[in-house]
Amino acid sequence: MKTSVISTDILIIGGGSAGIMAALRSKEANPDQRVVVFEKGHMKYSGCIPRGMDALNIVTVPGVATPEDYVDDAVLGCDGVLDEGPSYEMAKRSWPLMQKLIEWGVNFPKYDGEYEVVKAHAKKGYTVTMKEPNLKTILYERLQKTDCIVLNRTMALELIVEDGRMAGAIGMNIRTGEIIICNAKAVIVSSGGCARFGLPPNGYLYGVYDCPANTGDGYNLAYRAGAELTGLEYTLHYYIIKDISSPLLYITLTRGAQLLNAFDERLDFGHPSIKSIIKEHTDGKGYSRIRMSHLSEEKIKSIEDILFTTEKPACERFFEGRGINFRESDIELGPTETYLCGGHGITGIVVNEKAEASIPGLYAAGDVANVGRGHLSGAFVFGEIAAETATEYVKTVSNELADSTGYVDTIKEKIEKWQNTEAEVSIEEFEYKTRRLIGEFLTAPKNEYKLNRGIETMQGMQKELFKKIRVNRVHDLVKAFEVESIISCGILSATASKERKESRWGSWHYRSDYPNKDDSNFQKLLIVKKDENTRLPSVTLRDPQKVLNIGENFEGRVSVHE
Ligand SMILES: Cc1cc2nc3c(=O)[nH]c(=O)nc-3n(C[C@H](O)[C@H](O)[C@H](O)COP(=O)(O)OP(=O)(O)OC[C@H]3O[C@@H](n4cnc5c(N)ncnc54)[C@H](O)[C@@H]3O)c2cc1C
């Protein structure tokens, strides 16, 4: 296996929404600094926005809502467990960000001279319609005009820490297996959440809602490096188009569609939350459906236009294949797999309003960070903030290269173990079993017994991963590293879930042994960190950071979103 060594000022891990924005901003902030991106796929189409997106979910449009309104709504949506600082910062920068995107050619359509702002939160509207099938391409082409070095098909495997600060990362080319040691003064982790966590009901390993390349690598890189994480017990699932796992609620309900349960009872009055729709399902009243047959041809066409071009173009073939025409047939919805995410949920590397994680030189942005439920706005704004803070930081750091020998040796030892030709289980089968067990033991309804079994089982899988699987080629090796990450996410999530001895966030953290919410003890963030002595995850509780002193009465409603 070939090994290469490179050096940079800023290394960005993950070239999706947050990563590409971090790269662009780093070059804007200081065109002379060196910027390298490790991207597991190809940056032009990678991540949650392989093509376009139909809305920028959080923008405080002047005259419609203020950043303070947003923090109020966000705290409410997170049931009180949210650091206000980062969300406030995101909201303050959301409108300037939108103006910047417009300048770059991103289309936010106006109707009667106004942007369309949709209410998907409990109190005010922040979701601005965007009609841009080429969003990622626009950003990618801009980046190509800089001298930023993008290493496509490169998966980060380990962060390098030297003298208590970030010193780079080790990556691997996912086609050739080449090991790349990247010395860096600052590292921005933007590798998304853990999309491949539970198994989707459609049974396909990659048939998940979120980007399937995201296997919680960033959570583990940061955890192993000694950084703080939070929200790991927030085991999220959505309710979207059954079998293809594509969003639909926001696009259709805001345009007059009806939402019905299996008994044909309408659920679209008022403000149906994801939580309430999932409850219908668990109460035996699923599958819920979206009905559009009463809508005008013009409305249906506008919905098709968004769904088939910007949101998930594969939907067109999917509905064609099933003979579903929105004018006549309902669209079946269903629950997604369970996953971990800082953009839809609150799982992430702990960052402050400057995107700084708890290790000097480490920054996080997007779904890997805990800027709770920030969606694309969070990814873009925090990509920019991370770049700005890192740019200032690298000016203070010397050019000395770290000793990465130990890290490379550990990676090579793992690879050697996986070259055991006696092993028989394919990595796909192994992943299937791991994720089935995550569904069995780690997702709600949770209880102490199941969570203990979950930890024990995941620890067992961690050992078996190096004994039982067959690795024939680099592709298998990449998947083996991904499964290692999924298993670690499982252990971290179960450990946090065990400590949260209450129920919160509806079915996302329901403990049958502690069925009630306990604000006095648990309206807190659970901070998970590697204990340097035991090498096991330790959990501590801390109060959410308050900057605006938002009210205390949470009715527990969550927003519709996508
Ligand atoms: C289907 C869908 C629809 C959505 N619709 C909307 C919407 O309309 N409006 C809105 O505001 N938000 C929306 N969101 C949310 C929003 O898209 C995400 O919050 C945001 O894009 C996350 O950006 P990110 O950079 O954190 O992750 P991503 O964009 O997923 O990027 C992560 C990148 O990291 C790479 N990667 C992973 N592991 C590694 C590794 N080990 N080494 C190197 N690279 C790695 C991946 O290949 C990927 O390119 C939607 C999300 C989904 C899934």
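This is a predicted model, so every value here is computed, not measured.

A. Structural view of the packing of aromatic side chains. Inspection of every chain in the model, using the stated rule, returns 13 aromatic pairs. With a centroid separation of 5.0 Å and an interplanar angle of 80 degrees, the aromatic rings of Phe 319 and Phe 326 are classed as edge-to-face. Looking at Phe 326, the relative accessible area reads 2%, which means it is buried. Judged by centre distance (6.2 Å) and plane angle (65 degrees), the ring pair of Tyr 363 and Tyr 393 falls under edge-to-face. Taken as a pair, Tyr 363 in strand β18 (residues 362-364) and Tyr 393 in helix α10 (residues 375-394) lie far apart in primary sequence, 30 residues in all. Note on Tyr 363: relative accessible area 2%, which makes it buried. What links up through ring pairs into an aromatic cluster is the set Tyr 209, Tyr 234, Tyr 238, Tyr 339, Trp 505 and Trp 508.

B. View of the site of the ligand. Around the ligand, 38 residues are found, and the nearest of them are Ser 17, Glu 39, Ala 55, Asp 217 and Asp 367. One nitrogen or oxygen atom from the main chain of Lys 40 is found 3.1 Å from a nitrogen atom belonging to the ligand. If you list the elements that add at least two residues to the shell around the ligand, you get α1 (17-29), β3 (53-56), β9 (154-162) and α10. The element that contributes the greatest number of residues to the shell around the ligand is β3, accounting for four residues.

C. Expanded view of the side chain of Glu 39. Tracing the chain through its elements places Glu 39 in the loop between β2 (35-38) and β3. Although Glu 39 is buried, it forms no salt bridge, and the closest oppositely charged side chain is Lys 136 at an N-O distance of 5.9 Å. A distance of 2.6 Å separates the side chain of Glu 39 from the backbone nitrogen of Gly 15, its partner in a polar contact. Sequence-distant contacts of Glu 39, that is, excluding residues within four places in its chain, are made with Gly 14, Gly 15, Gly 16, Ser 46, Leu 151, Asn 152, Arg 153 and Thr 154.

D. Expanded view of helix α9 (residues 314-322). Here α9 has its buried residues at Cys 315, Phe 318 and Phe 319. One side of α9 holds all its buried residues, which, seen down the axis, span an arc of 90 degrees. Along α9, the residues that are exposed and aim more than 90 degrees away from the buried face are Arg 317, Glu 320 and Gly 321. Contact partners of the buried residues in α9: β13 (239-241), α8 (297-311) and β16 (331-335). After α9 finishes, the residue Gly 323 shows a positive phi value of roughly 65 degrees.

E. Structural context of unusual backbone geometry. Between Gly 286 and Tyr 287 the backbone carries a cis peptide bond, its omega angle lying at 5 degrees. With respect to the element layout, Tyr 287 can be found in the loop between α7 (274-285) and β15 (289-291). Put simply, Ala 444 and Pro 445 share a cis peptide bond, and its omega is 0 degrees. Position of Pro 445 relative to the elements: it lies in the loop between α12 (427-441) and α13 (448-464). Of note, the phi angle at Asp 79 is positive, near 55 degrees, even though the residue is not glycine. On the secondary structure map, Asp 79 appears in the loop between α2 (67-77) and α3 (84-103). Although it is not a glycine, Trp 505 adopts a positive phi angle of roughly 60 degrees.

F. Looking closely at the pairing of β2. The side-chain alternation of β2 yields two buried faces, one formed by Val 35 and Val 37 and the other by Val 36 and Phe 38. Both β2 and strand β8 (residues 149-151) contribute to a ladder of three bridges, which runs parallel. Paired with Val 36 across the two strands is Ile 149, which belongs to β8.

G. Inspection of the packing of α12 against helix α14 (residues 474-499) at higher detail. Packing of α12 against α14 leaves a shortest axis separation of 10 Å and a crossing angle of 15 degrees. The angle between the axes of α12 and α14 places the two elements in the roughly parallel class. Once α12 is placed against α14, the crossing between them reads as left-handed. Every residue of α14 that contacts α12 at Ile 427, Glu 428, Phe 430, Glu 431, Thr 434, Arg 435 and Ile 438 is listed here: Asp 476, Lys 479, Ala 480, Val 483, Ile 486 and Ile 487. Among the residues making up the contact of α12 with α14, the classes are represented as seven nonpolar, one polar and five charged.

H. Up close: the packing of α1 against α10. Contact pair α1 / α10: the axes reach a minimum separation of 7 Å and the direction vectors enclose 35 degrees. As for how α1 packs across α10, the hand of that crossing is right-handed. Of the residues in α10, those in contact with Ser 17, Ala 18, Met 21, Ala 22, Arg 25, Ser 26 and Ala 29 of α1 are Leu 376, Ala 379, Phe 380, Gly 383, Glu 384, Ala 387, Glu 388 and Thr 391. In terms of residue class, the contact of α1 with α10 is made up of eight nonpolar, four polar and three charged.

I. Examining empty space enclosed by the protein more closely. This structure, assessed with the given rule, holds four cavities of 30 Å³ or more. Lining the largest cavity are 13 residues; nearest its centre among them are Ala 156, Leu 157, Arg 224, Phe 481 and Glu 484. Broken down by secondary-structure element, the contributors of at least two residues to the lining of the largest cavity are β9, α5 (217-225), α11 (405-418) and α14. Split by residue class, the lining of the largest cavity holds six nonpolar, two polar and five charged.

J. Local environment of the nonpolar core. By size, the foremost hydrophobic cluster in this structure holds 178 residues, and its most contacted members are Leu 101, Ile 290, Leu 362 and Phe 380. Tallying contributions element by element places α14 first for this core, with 13 residues.

K. Representation of the domain arrangement of the chain in the model. By domain assignment, the chain separates into domain 1 (3-192 + 349-405), domain 2 (239-335) and domain 3 (406-524). Spacing between the C-alpha centres of domain 2 and domain 3 amounts to 32 Å.

L. Representation of the pattern of salt bridges within the structure. Overall, the coordinates contain 49 salt bridges when judged by the stated rule. The partner of Arg 435 in a salt bridge is Glu 431, and the shortest N-O contact between them spans 2.6 Å. Remark: Glu 431 and Arg 435 occur in helix α12; sequence separation between them is four residues, near one turn of the helix. A salt bridge links Arg 504 to Asp 519; the nearest nitrogen and oxygen atoms lie 2.7 Å apart. Linking Arg 504 in the loop between α14 and α15 (519-522) with Asp 519 in helix α15, this pair joins segments that are 15 residues apart in sequence. Arg 504 gets classed as buried once you look at its relative accessible area, which sits at 1%.

M. Quick look at the pairing of strand β21 (residues 525-530). In terms of burial, β21 is a largely internal element, five of the six residues being buried. Relative to β21, strand β12 (residues 229-230) is paired through two bridges, and the arrangement is antiparallel. When the sheet's bridge partners are listed, Leu 229 is paired in β21 with Val 528. Relative to strand β22 (residues 537-542), β21 is paired through six bridges, and the arrangement is antiparallel. Bridge assignment links Lys 529 to a residue of β22, and that residue is Ser 538.

Calculation rules
Residues numbered from 1 in each chain as written. Predicted model: local features only at pLDDT ≥ 70, side-chain atom pairs only at ≥ 80, totals over all residues. Heavy atoms only, no water. Phe/Tyr/Trp six-rings, centres within 6.5 Å; stacked < 30°, edge-to-face > 60°. Buried < 20%, exposed > 50% of the residue type's maximum accessible area, 1.4 Å probe, protein only. Helix = DSSP H or I, 4+ residues; strand = E, 2+ residues; numbered from the N terminus. Near = heavy atom within 4 Å. Polar contact = N/O pair within 3.5 Å; in protein donor to acceptor, adjacent residues only side chain to side chain. Lys, Arg positive; Asp, Glu negative; His and termini not counted. Salt bridge = Lys/Arg side-chain N within 4 Å of Asp/Glu carboxyl O. Contact = heavy atoms within 4.5 Å. Arc of directions from axis to C-beta. Pairing = 2+ DSSP bridges. Axes fitted to C-alpha atoms, helices over the stretch in contact; angles between N-to-C directions. Parallel < 35°, antiparallel > 145°, perpendicular 65-115°, else oblique. Left-handed = near helix turned anticlockwise from the far one by under 90°. Nonpolar A, V, L, I, M, F, W, Y, C, P; charged D, E, K, R; others polar. 1 Å grid on protein atoms, 1.4 Å probe; cavity = no way out; pocket = protein on both sides within 12 Å on 5 of 7 lines; lining within 4 Å. Points joined across faces, edges and corners; volume = space filled by probe spheres on them. Core = buried A, V, L, I, M, F, W, Y, C linked by side-chain atoms within 4.5 Å. Domains from an automatic or database assignment.

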